[in-house]
Amino acid sequence: MPFVALKEAYEESGLARIRPLSACVFDVDIHEIPPGTRECAHLHYDVRYLFQAEAGGIAASDESHALAWVPITRLEDVTGSPGVLVLREKLEPFLSSSC
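Below, the structure is looked at part by part. Everything quoted here is computed from the prediction, not taken from an experiment.

1. With respect to the overall build of the chain
Assigned secondary structure in the chain consists of 3 helices and 4 strands. Expressed along its principal axes, the backbone C-alpha trace of the chain runs to roughly 40 × 30 × 30 Å. In the chain, buried positions account for 18% of the 99 residues. Contacts spanning at least 24 positions in sequence make up 56% of the contacts within the chain whose residues lie at least 6 apart. Working note: accessible area of the chain is about 7,100 Å², and carbon and sulfur atoms make up 57% of it. Across the chain, 8 positive and 15 negative side-chain charges occur, with their mean positions spaced 5 Å apart.

And the structure:
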C-alpha cells in the first residue's frame, strides 16, 4: 500500500489509529470536476484502499468537510453518488479475495 494513501486517511479522518485491511486497491472512481475560477473542467481519479478505524474519533479537516459513521446498508441516506453506493457491492467480494 502506498504511504500516501495511509497519510491521506489519517489527515482526512482525524483518526488516531487506522489499519489497512489490504495492500490492494479496493476501488477506482473517475468523475468529472466542473470548471472553477482557478482551473478548467477535468477528470479526477480517486484510488481507494480499505482501512479499519482502530482508535480515535473522526474530525473534519480542510479536505473533508462532513464526516459521519454510516452503516454500509444506509449509504443512500447520506449520498446519491453512484461512485460511493457501488462500494456496497464491491466490499464482500473484495474481502473474500486475495486481490
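2. Here's the deal with the state of the cysteines
Counting across every chain of the model gives 1 disulfide. For Cys 24, the disulfide goes to Cys 99, at an S-S distance of 1.6 Å. Here Cys 24 and Cys 99 share a disulfide; its torsion about the S-S bond, 125°, makes the bridge right-handed. Here Cys 24 is found in the loop between strand S1 (17–20) and strand S2 (27–33), whereas its partner Cys 99 is found in the segment after helix H3 (87–95), with 75 residues between them in sequence. A relative accessible area of 23% means that Cys 24 is categorised as partly exposed. The class for Cys 99 is exposed, based on a relative accessible area of 59%.

3. Considering the pattern of salt bridges
If you walk through the whole model with that rule in mind, you get 8 salt bridges. Linked by salt bridges that have partners in common, Asp 27, Asp 29, Arg 48 and Lys 90 make up one network.

4. Here's the deal with the side chain of Asp 27
With respect to the secondary-structure elements, Asp 27 resides in strand S2. Classification of Asp 27 by relative accessible area gives buried; the value is 4%. With sequence-adjacent residues up to four places away left out, Asp 27 is seen in contact with Asp 46, Val 47, Arg 48, Gly 83, Leu 87 and Lys 90.

5. Observations concerning the environment of Thr 73
Locating Thr 73 in the fold gives a position in the loop between strand S4 (51–55) and helix H2 (82–85). Taking the C-alpha atoms as reference points, Thr 73 and Leu 85, separated by 12 residues in sequence, lie 9.5 Å from one another.

6. As for the packing of aromatic side chains
Within the structure shown, the criterion is met by 1 aromatic pair. Judged by centre distance (5.0 Å) and plane angle (75°), the ring pair of Phe 26 and Phe 94 falls under edge-to-face. In this pair, Phe 26 sits in the loop between S1 and S2 while Phe 94 sits in helix H3, placing the two residues 68 residues apart along the sequence. According to the relative accessible area criterion, Phe 26 is buried, its value standing at 11%.

Calculation rules
Residues numbered from 1 in each chain as written. Predicted model: local features only at pLDDT ≥ 70, side-chain atom pairs only at ≥ 80, totals over all residues. Heavy atoms only, no water. Helix = DSSP H or I, 4+ residues; strand = E, 2+ residues; numbered from the N terminus. Buried < 20%, exposed > 50% of the residue type's maximum accessible area, 1.4 Å probe, protein only. Contact = heavy atoms within 4.5 Å. Areas by Shrake-Rupley, 256 points an atom, 1.4 Å probe, with all protein chains shown as cover. Lys, Arg positive; Asp, Glu negative; His and termini not counted. Charge placed at Lys NZ, Arg CZ, Asp CG, Glu CD. Disulfide = S-S within 2.5 Å. Salt bridge = Lys/Arg side-chain N within 4 Å of Asp/Glu carboxyl O. Phe/Tyr/Trp six-rings, centres within 6.5 Å; stacked < 30°, edge-to-face > 60°.

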